[in-house]
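Residues per chain are reported as follows:
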Amino acid sequence: MPRRERRAQLLSSALEVFVAQGYHAAAMDDIAERAGVSKPVLYQHFPGKLELYLALLDRACDEIIANCRAALESTHDNKQRVEATMDAFFGYVAHDAGAFRLVFESDLTSEPAVRDHVDRVTNECASLITEVIREDTGLPEPASRLLAVSLVGIGQVSARYWLTDDGGLSREQAVQLVSGLAWRGIRGYPLTD
């Protein structure tokens, strides 16, 4: 198998194992077995379990940030931007692979490299949103950033709660409720000319 395909296969198997067992309980043996390879083959691609986990985290973080960017660029209507951004978070946690657990529910957040990756999601998504708020409201950067971090927090926390809640709300209903709440708050900051 070509190196790129083998790496993708190993990452896919590792994701399944890490999501099911968490970082600490997962073993390289389990990942190699799930991938149908020997442990030396796994170590040819990743020098250790942490490096494998960080590679998965990179991929997961990049996806969330790209989804947020695409949502913000999808329209110039701010109400629709809020809804699209909230939908990006809900869509990400609803994905059946469970990669969001690596980012939002990691059992390894005390590891500085993991914490940096997890913080990158909040920081980069908030930076994208900060620019929209700052440009549209004329608020100074620190105020715009605080509002942006708050919106990211609403998206992350409510999406994870929705996934585990047995309230029977569809994704569309949940997105409408949460984006409505966020829009009612953020629209109170007037647009600049």
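Cut-offs applied
- All residue numbers here refer to positions counted from 1 along the written sequence of the relevant chain.
- In keeping with the predicted nature of the model, local features appear solely for residues at pLDDT of at least 70, side-chain atom pairs appear and are counted solely at 80 or more, and the whole-chain, interface and lining totals rest on all residues.
- Note that the side-chain values use all heavy atoms of the structure and ignore hydrogens as well as water.
- Strands here mean DSSP runs of E at least two residues long; helices mean DSSP runs of H or I at least four residues long; both are numbered from the N terminus.
- Each residue is assigned to one of three classes by its accessible area relative to the maximum for its type, calculated with a 1.4 Å probe on protein chains only: buried under 20%, partly exposed between the two thresholds, exposed over 50%.
- Contacts were defined at the residue level, with two residues in contact if any of their heavy atoms lie within 4.5 Å.
- All accessibility values rest on the Shrake-Rupley procedure with a 1.4 Å probe; residue burial counts only the protein chains present in the view.
- Charge assignment in this entry is limited to Lys and Arg as positive and Asp and Glu as negative, and neither His nor the chain termini are counted.
- Lysine's charge is taken at NZ, arginine's at CZ, aspartate's at CG and glutamate's at CD.
- Note that the domain bounds were set by an automatic or database domain assignment.
- Criterion for a salt bridge: a side-chain nitrogen of Lys or Arg within 4 Å of a carboxyl oxygen of Asp or Glu.
- Any pair of N or O atoms that falls within 3.5 Å is considered a polar contact. Within protein, one atom must be able to donate a hydrogen and the other to accept it, and sequence-neighbouring residues count only if both atoms are side-chain atoms.
- Note on definitions: angles span 0 to 180 degrees between N-to-C directions of axes, and those axes are lines fitted to C-alpha atoms, for helices only across the stretch in contact.
- Roughly parallel refers to an angle under 35 degrees, roughly antiparallel to one over 145, roughly perpendicular to one between 65 and 115, and oblique to any angle outside these ranges.
- The hand of a helix crossing depends on one turn: near helix anticlockwise from the far one by less than a right angle means left-handed, and clockwise means right-handed.
- The nonpolar class holds Ala, Val, Leu, Ile, Met, Phe, Trp, Tyr, Cys and Pro. Asp, Glu, Lys and Arg form the charged class, and all remaining residues, Gly among them, are polar.
- UniProt positions are given in the numbering used here, feature names are shortened, and annotations may be inferred rather than shown by experiment.
- Aromatic rings from Phe, Tyr and Trp, taking only the six-membered ring of Trp, are treated as a pair when their centres fall within 6.5 Å; an angle between ring planes under 30 degrees marks them as stacked, one over 60 as edge-to-face, and anything in between as tilted.
- Nonpolar cores were defined as sets of buried Ala, Val, Leu, Ile, Met, Phe, Trp, Tyr and Cys residues, with membership established by side-chain atoms within 4.5 Å.

**Student:** Tell me about the overall build of the protein, residues and numbers included.
**Tutor:** Within the protein one finds nine helices and zero strands. Reading the secondary structure of the protein in the N-to-C direction produces α-α-α-α-α-α-α-α-α. Considered along the principal axes of its C-alpha atoms, the protein spans approximately 60 × 35 × 30 Å. Sorting the 193 residues of the protein into buried and exposed places 42% on the buried side. When contacts within the protein are restricted to residue pairs at least 6 apart in sequence, long-range pairs at least 24 apart make up 67% of them. Accessible surface, the protein: about 10,200 Å² in total, of which carbon and sulfur atoms supply 51%. Counting 20 positive and 28 negative side-chain charges, the protein places the centres of these two groups 2 Å from one another.

**Student:** So, the domain arrangement of the protein: which residues are in play, and what are the values?
**Tutor:** Each assigned domain of the protein is listed here: domain 1 (1-47) and domain 2 (49-188). Each of domain 1 and domain 2 has a C-alpha centre, and these two points are 28 Å apart. For the pair domain 1 and domain 2, the number of links is zero salt bridges. Our count for the domain 1 to domain 2 interface comes out at three residue pairs in polar contact (both at pLDDT 80 or more). Counting only elements with at least two residues in the side of domain 1 that touches domain 2, the list comes to helix H1 (3-25) and helix H2 (28-35). It is H1 that provides the largest number of residues to the side of domain 1 that touches domain 2, a total of 10 residues.

**Student:** So what's going on with the packing of helix H5 (residues 78-94) against helix H9 (residues 171-186)? Residues and values would help.
**Tutor:** Each packed pair of helices is defined by two parameters, the angle between the axes and the distance between the axes. Look at H5 against H9: their axes get within 9 Å of each other, and the N-to-C directions meet at 135 degrees. As summarised for this structure, H5 and H9 are arranged oblique, according to the angle between their axes. Considering how the two elements wind past one another, H5 and H9 form a crossing that is right-handed. Within the contact between the two elements, H5 uses Asn78, Lys79, Val82, Glu83, Met86, Asp87, Phe90 and Gly91 and H9 uses Arg171, Ala174, Val175, Gln176, Val178, Ser179, Ala182, Trp183 and Ile186. Residue composition of the contact of H5 with H9, by class: nine nonpolar, four polar and four charged.

**Student:** Describe the UniProt feature "domain: HTH tetR-type" (unreviewed entry) in the protein, and please don't skip the residues or the numbers.
**Tutor:** Under the feature "domain: HTH tetR-type" (unreviewed entry), the UniProt entry names residues 4-64. Across residues 4-64 one finds 87% helix and 0% strand; the C-alpha atoms that close the span lie 22 Å apart.

**Student:** Hey, could you go over the packing of aromatic side chains for me, with residue numbers and the actual values?
**Tutor:** Overall, the coordinates contain four aromatic pairs when judged by the stated rule. Every member of this aromatic cluster is reached through a ring pair, and the members are Phe18, Tyr23 and Tyr53.

**Student:** Which residues make up the UniProt feature "DNA-binding region" (unreviewed entry) in the protein, and what values do they have?
**Tutor:** When the UniProt feature table is mapped onto this chain numbering, "DNA-binding region" (unreviewed entry) sits at residues 27-46. Along residues 27-46 one finds 75% helix and 0% strand; the C-alpha atoms at either end are 13 Å apart.

**Student:** Quick one: what's the story with the nonpolar core, residue by residue and with numbers?
**Tutor:** Taken as a class, soluble globular proteins show a tendency for nonpolar side chains to be buried jointly. Ranked by size, the top nonpolar core spans 59 residues in total, and within it Phe18 and Leu52 carry the most contacts. Elements supplying a minimum of two residues to this core: H1, H2, helix H4 (49-73), H5, helix H6 (100-104), helix H7 (112-137), helix H8 (141-164) and H9. Per-element accounting of this core gives the leading share, 12 residues, to H4. Shared between two domains, this core takes at least three residues from each, and those domains are domain 1 (1-47) and domain 2 (49-188). In this structure Leu52 touches Leu11, Ala14, Phe18, Met28, Ile31, Leu42 and Phe46, once residues within four positions along its chain are discounted.

**Student:** Tell me about the pattern of salt bridges, residues and numbers included.
**Tutor:** Under the criterion given, the structure shown has eight salt bridges. For the salt bridge of Asp62 with Arg120, the shortest nitrogen-to-oxygen distance reads 2.9 Å. Taken together, the positions of Asp62 in helix H4 and Arg120 in helix H7 put the pair 58 residues apart, joining distant regions of the chain. Judged by its relative accessible area of 42%, Asp62 is partly exposed. Two residues, Asp87 and Arg171, come together in a salt bridge whose shortest N-O distance is 3.1 Å. Pair noted here: Asp87 is in helix H5 and Arg171 is in helix H9, with a separation of 84 residues, a long-range link. A residue is classified by how much of its surface remains accessible, and Asp87, at 29% relative accessible area, is partly exposed. Residue Arg171 is classed as partly exposed on the basis of its relative accessible area, which comes to 27%.

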